[in-house]
Amino acid sequence: MRKINRRIFVLGGLGAVGAVAVPMKSALAAAPYPFKLGVASGEPAPDSVVLWTRLAPSPLNADGQGGMANADVTVEWQVSANERFSTLVASGSVAARFADAHSVHVIAGGLAPDADYFYRFRAQGHVSPVGRTRTAPATGSFGRDLVMAFASCAHYESGYYTAYRRLAEDNPGLVLHLGDYLYEDATSAGSVREHAGAEIVSLADYRRRYAQYKSDPDLQAAHAAAPWLLVPDDHEVENNYAGTVRENNTPSLTAAQWTARRTAAYRAYYENLPLRPSSAPVGNSISLYRRIRWGQLATFHMLDTRQFRDDQACGDGRKVCADADLPSRSLTGAAQEAWLLDGLAQHYGTWDIMGQQVFFARQLDAAGAASMDSWDGYRASRSRVQQGWTQRAVRNPVVLTGDVHQAWANNLKADYANPASATIGTELVCTSISSGGNGSADTAIPNGSVNPHIRFFSNRRGYVRTTIGRTQLRADFRAVASVTEHGAPVSTVGSFVIADGQPGLQSV
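So, how was this worked out
- Residues numbered from 1 in each chain as written.
- Predicted model: local features only at pLDDT ≥ 70, side-chain atom pairs only at ≥ 80, totals over all residues.
- Heavy atoms only, no water.
- Phe/Tyr/Trp six-rings, centres within 6.5 Å; stacked < 30°, edge-to-face > 60°.
- Helix = DSSP H or I, 4+ residues; strand = E, 2+ residues; numbered from the N terminus.
- Buried < 20%, exposed > 50% of the residue type's maximum accessible area, 1.4 Å probe, protein only.
- Lys NZ or Arg CZ within 6 Å of the ring centre and 35° of its normal.
- Disulfide = S-S within 2.5 Å.
- Contact = heavy atoms within 4.5 Å.
- Polar contact = N/O pair within 3.5 Å; in protein donor to acceptor, adjacent residues only side chain to side chain.
- Core = buried A, V, L, I, M, F, W, Y, C linked by side-chain atoms within 4.5 Å.
- UniProt positions renumbered as here; feature names shortened; annotations may be inferred.
- Axes fitted to C-alpha atoms, helices over the stretch in contact; angles between N-to-C directions.
- Left-handed = near helix turned anticlockwise from the far one by under 90°.
- Pairing = 2+ DSSP bridges.

Comments concerning the packing of aromatic side chains
Applying the stated rule across the entire model yields 19 aromatic pairs. Look at Tyr156 and Tyr213: their rings are 5.3 Å apart centre to centre, the planes differ by 35°, and that puts the pair in the tilted class. Within this pair, whereas Tyr156 is found in the loop between strand 9 (146-151) and helix 2 (162-169), its partner Tyr213 is found in helix 3 (residues 203-214), the two being separated by 57 residues in sequence. Each member of the pair, Tyr156 as well as Tyr213, carries the same accessibility label: buried. Measuring from ring centre to ring centre gives 6.3 Å for Tyr161 and Tyr213, while their planes differ by 50°; the resulting arrangement is tilted. Of the two residues, Tyr161 is situated in the loop between strand 9 and helix 2 and Tyr213 in helix 3; the sequence distance between them amounts to 52 residues. Summarising the burial analysis for this pair, Tyr161 and Tyr213 share the class buried. Each member of the aromatic cluster is reached from another via a ring pair, and the members are Tyr156, Tyr161, Tyr164, Tyr181, Tyr210, Tyr213 and Trp228. Sitting over the face of the ring of Phe85, Arg120 holds its NZ or CZ atom 3.9 Å from the ring centroid. Between the NZ or CZ atom of Arg329 and the centre of the ring of Tyr378, over which it lies, the distance is 4.3 Å.

Re the state of the cysteines
Tallying each qualifying case throughout the model produces 1 disulfide. Shown here is the disulfide that connects Cys314 with Cys321, its sulfur atoms set 2.0 Å apart. Disulfide Cys314 to Cys321: torsion about the S-S bond roughly 75°, handedness right-handed. The structure places no disulfide on Cys153, whose sulfur is separated from the nearest cysteine sulfur, that of Cys430, by 6.7 Å.

Some remarks on helix 4 (residues 217-225)
Counted residue by residue, helix 4 has 8 buried out of 9 residues, so it is predominantly covered. Turning to helix 4, its buried residues number three or more, namely Asp218, Leu219, Gln220, Ala221, Ala222, His223, Ala224 and Ala225. Contacts made by the buried residues of helix 4 are with strand 1 (39-42), strand 6 (116-123), strand 8 (131-134), helix 2, helix 3 and strand 11 (228-230). A side-chain oxygen of the first residue of helix 4 lies 2.8 Å from the backbone nitrogen of Asp218; this N-cap is Asp216.

Focus on the nonpolar core
Tyr161, Tyr164, Leu167, Tyr181, Trp228, Tyr269 and Ile433 are the most contacted members of the largest nonpolar core, which has 38 residues in total. The set of elements that each furnish at least two residues to this core consists of strand 9, helix 2, helix 3, helix 4, strand 11 and helix 5 (255-271). Among the elements that take part in this core, helix 5 stands out by supplying 7 residues, more than any other. Those residues in contact with Tyr181 that lie beyond four places of it in its chain are Ala154, Tyr210, Tyr213, Lys214, Leu219, His223, Trp228, Leu230, Glu236 and Leu273.

Re the UniProt feature "domain: Phospholipase D N-terminal" (unreviewed entry) in the chain
Following the UniProt record, the feature "domain: Phospholipase D N-terminal" (unreviewed entry) maps to residues 37-135 here. Taken as a whole, residues 37-135 contains 0% helix and 47% strand, while its terminal C-alpha atoms sit 23 Å from one another.

Some thoughts on the packing of helix 3 against helix 5
As a packed pair, helix 3 and helix 5 sit with axes 8 Å apart at the nearest point and diverge in direction by 35°. Judged by the twist between their axes, the crossing of helix 3 over helix 5 is right-handed. Of the residues in helix 5, those in contact with Leu203, Tyr206, Arg207 and Tyr210 of helix 3 are Arg261, Ala264, Ala265, Arg267, Ala268, Tyr269 and Glu271.

Examining unusual backbone geometry
At the junction of Thr250 and Pro251, the peptide bond is cis and its omega measures out at -5° in the coordinates. Inspection of the secondary structure assignment puts Pro251 in the loop between strand 11 and helix 5. The residue Gln124 is not glycine, and still its phi comes out positive at about 50°. In this structure, Gln124 sits in the loop between strand 6 and strand 7 (126-127). You can call Gln124 partly exposed: its relative accessible area is 30%.

A few points about the pairing of strand 21 (residues 461-468)
Within strand 21, 7 of the 8 residues are buried, leaving the element largely enclosed by the surrounding structure. Both strand 21 and strand 22 (residues 472-480) contribute to a ladder of 8 bridges, which runs antiparallel. Bridge pairing links Gly462 to Ala479 in strand 22. The turn linking strand 21 back onto strand 22 is made up of 3 residues.

Re the environment of Phe85
Secondary-structure assignment places Phe85 in the loop between strand 3 (73-80) and strand 4 (88-96). Sequence-wise, Phe85 and Ser482 are 397 residues apart; in three dimensions their C-alpha atoms are separated by 38 Å.

Focus on the pairing of strand 19 (residues 423-429)
With 6 of 7 residues buried, strand 19 is to be regarded as a mostly interior element. In this sheet, strand 19 lies alongside strand 17 (residues 397-401) in parallel orientation, the contact comprising 4 bridges. Of the residues in strand 19, the one forming a bridge with Leu400 is Leu428. With 6 bridges joining them, strand 18 (residues 407-413) and strand 19 adopt antiparallel strand pairing. Paired with Leu412 across the strands is Gly425, a residue of strand 19.

Details of the sheet that holds strand 17
Strand order in this open sheet of 7 strands is 12-13-15-17-19-18-20, and the pairing throughout is mixed. The two strands at the open ends of the sheet, each matched to only one other strand, are strand 12 (290-294) and strand 20 (454-458). Between one strand and the next, the sheet's axes are offset by a mean angle of 20°, whatever the strand orientation. In the packing of helix 6 (residues 334-344) onto the sheet, the strands contacted are strand 12, strand 13 (298-302) and strand 15 (351-355), and the crossing angle to strand 13 comes to about 180°. Where helix 7 (residues 379-391) meets the sheet, its contacts fall on strand 15, strand 17, strand 18 and strand 19, and the angle it forms with strand 19 comes to roughly 125°.

Listed below in structure tokens is the structure:
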């Protein structure tokens, strides 16, 4: 595995990176340093990638504008095949608009497939940190084996982002983030570190909260290490919302105010992450389910399980609930379900990887109750998806999941009530980056006797590192022992492989 050049991760100052910034136009640095939120890339295609940054010299200003004046600013950008930027393969300039909180989304095109690149920005006489990105393989090729890491749930107040730092040090070629990138709740005195301000509701609130999170150097390191594919879960808006339905009326909002809050949340999500312009919000909705092909090796089907779902059955929570079986209920909505099954039928790559938010396999407790916020609350919806990929002879369906702050690995069964039924897919669940605090060393599978298809459990914080090859997909569950103190080492607490054409987990 290649070693990471430390310069990529020395962030926050012109002196650190600007020393190698000779090719960019010189200008007197009269304005304060504007790249305090770092840089990011995402949405890799064989010939292009999205480059992102946002100008914010004072990230925590309450107006959400990051200390920028009410004026648009020109931002130059460069892409090079080497980190010295001795030869540019793409460059240009873009307007960072006050109306967009001075965020920019650049489509860097004309790139070679399955190639590594470096990128940077310049604005107001300052040069940004350098990020590394890569493109996807060409449609008709497998390309290199792909080291892909996935993570979720990074509650700022619950702990430090050491897991993001360790993820970056694993040198992935791609990062998937499965939601709860930030949390909406108010500051809580006595936490490891504290949110700025009250529960976020307005566009200014969301912009400032993103700025606070993105000021974290470990998160910046993870973004600078590789391109990301992201989908939100609930906390990017508010806890456990379902479509247009709130969990409760706290804080109290009128229907119009709730719509405005959702609209603001989606807008800030787009502004602060490396998404393609096709995902820019329109009105009060945002287009986020999408398919990213990684040559013939893999296809990533990124799902949105919040925006189109029916309300949780039986009032949410863990329940024994017959309504969860109603065929009319859907977690994805009919259009997204049809889109997913159509994409799975295309057999684009060896591995069909569904990046999504909530626990997919059946997970009952001893009383037979299950979480109504997960696919257990939408059992007919899950059956349609599973039967759909079986009917379409999908060779290697793999579901990736976040949300639950614990690591799990599950065999997906044709009939969960019959442990002897066929294993028809595999689910890998990442723990949280920090949500839930330190966790524990417990590895006993909860209610294992009623969930024999569950093969692994860990209650530590961390992420999952996968190595995706032509004959197998290996998953290493990576964990840190502490997030309440910064800088813990990482270790692998479980490893499995999934062999090509053989759904299910094999211990390593």
